[in-house]
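Observations on the model geometry
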Amino acid sequence: MKVALLSDVHANLVALEAVLAAAGTVDAIWVMGDTVGYGPDPSDVLALLRERDAVMVAGNHDLAAATGEGLDMFNGHAAAAVKRHRSWLSAEERDALAALPLTREVDRFTLCHGSLRDPIWEYVVAPSQAHATLRIASTPHCCNGHTHVPAVFRDAGTRTTIVPIEVGRPIALDASCLVNPGSVGQPRDGDPDASYALLDTAATTVTFARARYDVAKTQERIRARGLPAILADRLSSGF
Ligand code: ZN
């Protein structure tokens, strides 16, 4: 099975469309949360992922937009965008976001936004954090998001290491691994191109990819919808 791993689309429809086009034919789409928040098109992004039968989990922005939960934890610009999204989304869309599970097991993978210790808020950046998540998972592998930085952690039991990522080079998941595909809609690793990964569950490999998209078009939409200007500006730098 070929799976497109996506996370942190953040209402960036132009980036999502570019990623889906670049990914080509896939058997499944798994989304590790933060489908909404920050960007200009939360309803259209949600509709497109639902139309493609994406397997989704909840992120902190999804819950805040759906129910207001956790809004006090957001910085000013993020909170401003979430409040706007709350007003733009229909009651049905808010209910759909509120109903997203925090974790979900698919194939040999557990999906979550942050971590399995704290599905909504933990930022996994260190091997010890990845180890803690993989240790409590009941599947061999996990996929997460939240940091907006692509990462693979390999846990061989006694030692957890960070696996170097090279776009286009398949990485064998030959031990228990935590895979973060980076962010489609708001990358923060210094590369403005949309980040995602392709998982081959038969070969048990993951290959990271970037999709160039029309950043200026999303920036224009963000400004036109009256969202904070910094949310448009930061997309140029990828930070
Ligand atoms: Zn996010």
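Refer to the structure presented above.
The present account deals with the structure reproduced in this document. For clarity, every value in this text was computed on a predicted model and none was experimentally measured.

Pairing within the open sheet is mixed, and its 6 strands lie in the order β4-β5-β6-β10-β7-β8. Unpaired on one side and paired on the other, β4 (103-106) and β8 (160-162) mark the two borders of the sheet. Taking each pair of neighbouring strands and ignoring which way they run, the sheet shows an average axis angle of 20 degrees. Taken together, the 3 bridges between strand β7 (residues 151-155) and β8 define a ladder with antiparallel strand orientation. When the bridges of β8 are listed, R154 appears paired with T161.

Turning to the coordination of the zinc ion, a few remarks are in order. Coordination of the zinc ion by the protein involves D8 (OD), H10 (NE2), D34 (OD) and H148 (NE2), with metal-donor separations of 2.1 to 2.4 Å. Each of the 4 donor atoms bound to the zinc ion contributes to angles spanning 84 to 176 degrees, and the resulting shape is irregular. Within one chain, the residues serving as donors to the zinc ion are arranged as D-x1-H-x23-D-x113-H. In this pair, H10 is assigned in the loop between β1 (2-6) and α1 (13-23) and H148 in the loop between β6 (141-143) and β7, connecting sequence segments 138 residues apart. The exposure class of H10 is buried, given its relative accessible area of 2%. Among the residues examined, H148 registers a relative accessible area of 2% and is labelled buried.

Rules used throughout
- Residues numbered from 1 in each chain as written.
- Predicted model: local features only at pLDDT ≥ 70, side-chain atom pairs only at ≥ 80, totals over all residues.
- Heavy atoms only, no water.
- Pairing = 2+ DSSP bridges.
- Helix = DSSP H or I, 4+ residues; strand = E, 2+ residues; numbered from the N terminus.
- Axes fitted to C-alpha atoms, helices over the stretch in contact; angles between N-to-C directions.
- Donors = N, O, S within 2.8 Å, 3.2 Å for Na, K, Ca; no water.
- Tetrahedral: all angles 85-135°; square planar, octahedral: opposite > 155°, others 65-115°.
- Buried < 20%, exposed > 50% of the residue type's maximum accessible area, 1.4 Å probe, protein only.

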